[in-house]
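Take a look at the letters that make up each chain.
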Amino acid sequence: MPFLLINKKIILMSELTKKLMSKLSDLKAGSGNFESLSDKNYFDVNKLWIHSGSPEMDYNWGSFGFPVGLTEIAGISKSGKTTIALMGMMNFQQRFPDGICVILSSENRDNEQYARQIGLDTERIHLIKSKNVEDLFYNFQIFINALDVLWREEQLEGKPKIYVFWDSVGGTNSRAELNTFMENVKIHQKNLTAGTKVEAKYAKMADFAKMAKHCMKAILAQVYDKDIIFIALNHLIDDLGTGGQISGGGHWIEYLSTLRLVCKRKEWVVMEMDSMVNGKPMKKPEQVAQITTVYAEKNDFGSRKVTEIEILLGYGVVLSANDIEYAINKGILKAPSVQKRSFMNDKLKWSSKRDFYNLYKEHNKFLPILHKKIMNERHKDMIAEKEQAI
């Protein structure tokens, strides 16, 4: 076929496409079900980014932090999962004073003191508790429905912003699993008293995974209409068969998440701390912080780089060595000597790791200013790189 004829067909198809999109414009505006890919803008669609707590981690993700939708944070115990989720909630509260925070709790390990120490306003956090996934999500949907009614009655503008933190996927049962357990208790008791040998029952295979996926999909169908940022913690356990690690809550969640993070504690930060031994003051080594690697195993928005974050035990994520070095190179921080770091004409300064940690423990008022400056610069660099790549 001659090139001219092919080119003419392309032009005709292009005109036809424009006319079709024009015909669909009313439906497009009314339902949001019809749109052109050229109208999709990565940052416009996800306006509700929430800072992760680490400027470097935002940058490595190629985003402004946690997006609307589902983020899974996986890892073994004490790898930093809960801290990362709570840091996101704290940043959400700071950005949206009228934002709604919800914890879906199945483990009953909600530590109010730790949440307050990190900087959360616990009076603004709603706790929904249940040991089975059905009741947990049904109650959450009732909560959402009640919020919608209240929003309309109060004639509030826009739509509610919601940050949800599920603790945890692996620690939640299905209703069938709980019922089967109770039935087995009765069977066991009868065996003990009557001398019978009735075998225990087993819940249907993958019952939890099926119900959890069903419930999560129902919530995810609403996330963009209601601006829901959903963070789900998932425990990793050792797989004796392969020598690797598997998810305690199943693999179903990996396919629904837009961001999947795998956390692994790399090392403890140990310092000599004052203590009393047999009534005498002594110096004793103590774990005060940890270095955790966060691997973005799945990321719908950018790269899958590994980030090392630093967690001060009891106080949350602090500025990492890489962020501090970045701030020096950008002229945000000054380094007048090998050890000393200075910000805002010495209004904020430290000369040792101990001094640096104490700034967080004392809730120094200049630390958030420094953190925000570094975060903003990281975000600017990330945007500039994306624009250059277009």
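Residues numbered from 1 in each chain as written. Predicted model: local features only at pLDDT ≥ 70, side-chain atom pairs only at ≥ 80, totals over all residues. Heavy atoms only, no water.

**Some points on the overall build of the chain**
At step 1: Scanning the chain for helices and strands turns up 13 helices and 12 strands.
At step 2: Carbon and sulfur atoms make up 54% of the accessible area of the chain, which totals about 22,200 Å². (Helix = DSSP H or I, 4+ residues; strand = E, 2+ residues; numbered from the N terminus. Areas by Shrake-Rupley, 256 points an atom, 1.4 Å probe, with all protein chains shown as cover.)

**With respect to the pairing of strand β9 (residues 306-312)**
At step 1: Across the seven residues of β9, five count as buried, placing the element largely inside the fold.
At step 2: Bridging between strand β8 (residues 280-299) and β9 involves seven bridges; their strand directions are antiparallel. Following the sheet pairing, I291 is matched in β9 by E310.
At step 3: In textbook terms, the turn of a hairpin is the stretch between consecutive antiparallel strands, and for β9 and strand β10 (residues 316-318) this stretch comprises three residues, one of which, G314, has a positive phi near 90°. (Buried < 20%, exposed > 50% of the residue type's maximum accessible area, 1.4 Å probe, protein only. Pairing = 2+ DSSP bridges.)

**Brief notes about helix α5 (residues 81-95)**
At step 1: Between the first and last C-alpha of α5 there are 22 Å, a value that for 15 residues agrees with the 21 Å anticipated at 1.5 Å per step.
At step 2: By the criterion of burial, α5 is predominantly enclosed, with 12 of the 15 residues buried.
At step 3: Of all the positions in α5, only K81, T83, I84, A85, L86, M87, G88, M89, M90, N91, F92 and Q93 are classed as buried. (Expected span 1.5 Å × (residues − 1).)

**Focus on the confidence of the model for the chain**
At step 1: This prediction gives the chain a mean pLDDT of 86; 84% of its residues lie at or above 70.
At step 2: Below a pLDDT of 50 lies the segment residues 1-7, which in the model reaches two contacts outside its immediate sequence neighbourhood of four places, other chains included. (pLDDT = per-residue confidence, 0-100. Contact = heavy atoms within 4.5 Å.)

**Remarks on the side chain of S54**
At step 1: Note that S54 resides in the loop between α3 (42-45) and α4 (55-61).
At step 2: On the accessibility criterion, S54 (4% relative accessible area) is buried.
At step 3: Those residues in contact with S54 that lie beyond four places of it in its chain are T307, I309, V317 and D323.

**Quick notes on the pattern of salt bridges**
At step 1: All told, the structure shown has 14 salt bridges when counted by the stated rule.
At step 2: With its nearest N and O atoms 3.8 Å apart, the salt bridge here joins D227 to K161. Placement of the pair is D227 in the loop between α10 (223-226) and β5 (228-238) and K161 in the loop between α7 (133-153) and β4 (162-167), with a sequence separation of 66 residues.
At step 3: According to the relative accessible area criterion, D227 is buried, its value standing at 12%.
At step 4: Linking K380 and E377 is a salt bridge whose minimum nitrogen-to-oxygen distance equals 3.6 Å. Here the residue K380 and the residue E377 both occupy positions in helix α13 (residues 367-389), the gap between them amounting to three residues, near one helical turn. (Salt bridge = Lys/Arg side-chain N within 4 Å of Asp/Glu carboxyl O.)

**So, the nonpolar core**
Buried together is how nonpolar side chains tend to be arranged in soluble globular proteins.
At step 1: F66, L104, F137, F140, Y163, W166 and F230 are the most contacted members of the largest nonpolar core, which totals 64 residues.
At step 2: A total of eight residues in this core trace back to one element, the largest contributor, which is α7.
At step 3: Once you skip the residues sitting within four places of it in the chain, Y163 turns out to touch F66, A85, G88, M89, F92, I100, C101, V102, I229 and I231.
At step 4: Among the nonpolar cores identified, the runner-up in size contains 25 residues, and M271, L333, Y360 and L370 belong to it. (Core = buried A, V, L, I, M, F, W, Y, C linked by side-chain atoms within 4.5 Å.)

**A closer look at unusual backbone geometry**
At step 1: Omega for the peptide link from D167 to S168 comes to 5°, which places this bond in the cis form.
At step 2: When you line up the elements, S168 lands in the loop between β4 and α8 (175-194).
At step 3: Even without being a glycine, D227 presents a positive backbone phi close to 55°.
At step 4: A positive phi angle, close to 55°, is found at H363, a residue other than glycine.

**Points about the packing of aromatic side chains**
At step 1: Considering all chains together, one arrives at 11 aromatic pairs under this definition.
At step 2: Ring centres of F137 and F230 lie 6.1 Å apart, and the angle between their planes is 10°; this geometry places the pair in the stacked category. Placement of the pair is F137 in helix α7 and F230 in strand β5, with a sequence separation of 93 residues. Take F137 and F230: they sit in the same class, and that class is buried.
At step 3: Ring centres of F356 and Y357 lie 6.2 Å apart, and the angle between their planes is 35°; this geometry places the pair in the tilted category. When sorted by exposure, F356 lands in the same class as Y357, which is buried.
At step 4: Every member of this aromatic cluster is reached through a ring pair, and the members are F137, F140, W166 and F230.
At step 5: Its guanidinium or amino end placed over the ring of Y59, R378 lies 5.5 Å from that ring's centre, counting from NZ or CZ.
At step 6: Across the ring face of Y326, the terminal group of R378 is positioned such that the distance to the ring centre comes to 4.0 Å. (Phe/Tyr/Trp six-rings, centres within 6.5 Å; stacked < 30°, edge-to-face > 60°. Lys NZ or Arg CZ within 6 Å of the ring centre and 35° of its normal.)

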